[in-house]
Amino acid sequence: IKKSKREGVLFMKKKKTILAAAVLLLMLAVGGAIAYFTDTDTKTNTFTIGNVDITLTEDGWDALEDANDNDIPDAAEDMMPGESVTKDPLINNVSTKNPAYVFAKVEVPCTTIVAPATTSEELFTYTTNAGWTELSTAAVACTSGGTATHVYYYGTGGTLTTLAKASSASTPTSTSNPLFSTITLRGTLKGNEGLTGQKQVVVTGYGIQTEGLTSTAPADVWANFN
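None of the values given here were measured: they were computed from a predicted structure. (Residues numbered from 1 in each chain as written. Predicted model: local features only at pLDDT ≥ 70, side-chain atom pairs only at ≥ 80, totals over all residues. Heavy atoms only, no water.)

**Looking at the state of the cysteines**
Tallying each qualifying case throughout the model produces 1 disulfide. The disulfide that involves Cys110 links it to Cys142, with 1.9 Å between the sulfurs. Judged by the torsion about the S-S bond (-95°), the Cys110/Cys142 disulfide is left-handed. With Cys110 in strand 4 (residues 100–113) and Cys142 in the loop between strand 7 (132–134) and strand 8 (147–156), this pair connects stretches of sequence that are 32 residues apart. For Cys142, a relative accessible area of 22% puts it in the partly exposed group. (Disulfide = S-S within 2.5 Å. Helix = DSSP H or I, 4+ residues; strand = E, 2+ residues; numbered from the N terminus. Buried < 20%, exposed > 50% of the residue type's maximum accessible area, 1.4 Å probe, protein only.)

**Things to note about the environment of Thr159**
As for its position among the elements, Thr159 is in strand 9 (residues 159–160). Between the C-alpha atom of Thr159 and that of Pro218, which follows or precedes it by 59 residues, the distance is 6.9 Å. Other than its neighbours up to four places away in sequence, Thr159 contacts Tyr153, Tyr154 and Pro218. (Contact = heavy atoms within 4.5 Å.)

**Let's talk about the sheet that holds strand 1 (residues 54–57)**
With antiparallel pairing, 3 strands are arranged side by side in an open sheet as 1-3-10. In this open sheet, the two edge strands, each paired with only one partner strand, are strand 1 and strand 10 (173–174). Where strand 3 (residues 90–93) and strand 10 come together, 2 bridges link them in antiparallel fashion. By the bridge assignment for strand 10, Asn92 is matched with Ser174. (Pairing = 2+ DSSP bridges.)

Structural data, given as structure tokens:
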């Protein structure tokens, strides 16, 4: 029995529809079975932090006799103009982790000199030892009744000297020389030129790491402390 032309067209459309549905089902079946390859990895980095650790010591000063037990050596009591006393500040690097660059700041009391002209002058003087250089850009001149400030770096010729890290906490590496060895009360003083009462000379040590600095010029390194 011959099918009509219309029936043939309908049959072909139905066949195509069934085929398309079958393809779609196959695609869905395959798609549902897909598993993607994935991977992760983690790396944890461990760091230890170093440190800068300095001490300022004055072995010569500390060894002076103090009969009055008032933390003022006998040699530093009732001083006369022109008289000197042992004072030997030096800086030790006691860090076992890192080397360091070091500086020392000295603050000296000033007094008013009335003759031959009225001026403000430092009451004490000293001579720095080899290995230390004054950072003149950091100096502060005497003010009446105030203090004068001097800053020194450990090094010469614009180059800082490295203090090696300590081999152990009990064996620090120190500067090769104290900043100075003695300090002297100014000579040519008169009775009304600041000779009464206690006067203090303050020495402060500073230490900073040697690595990672943007500049190792002494003035630039000192600026980090400010």
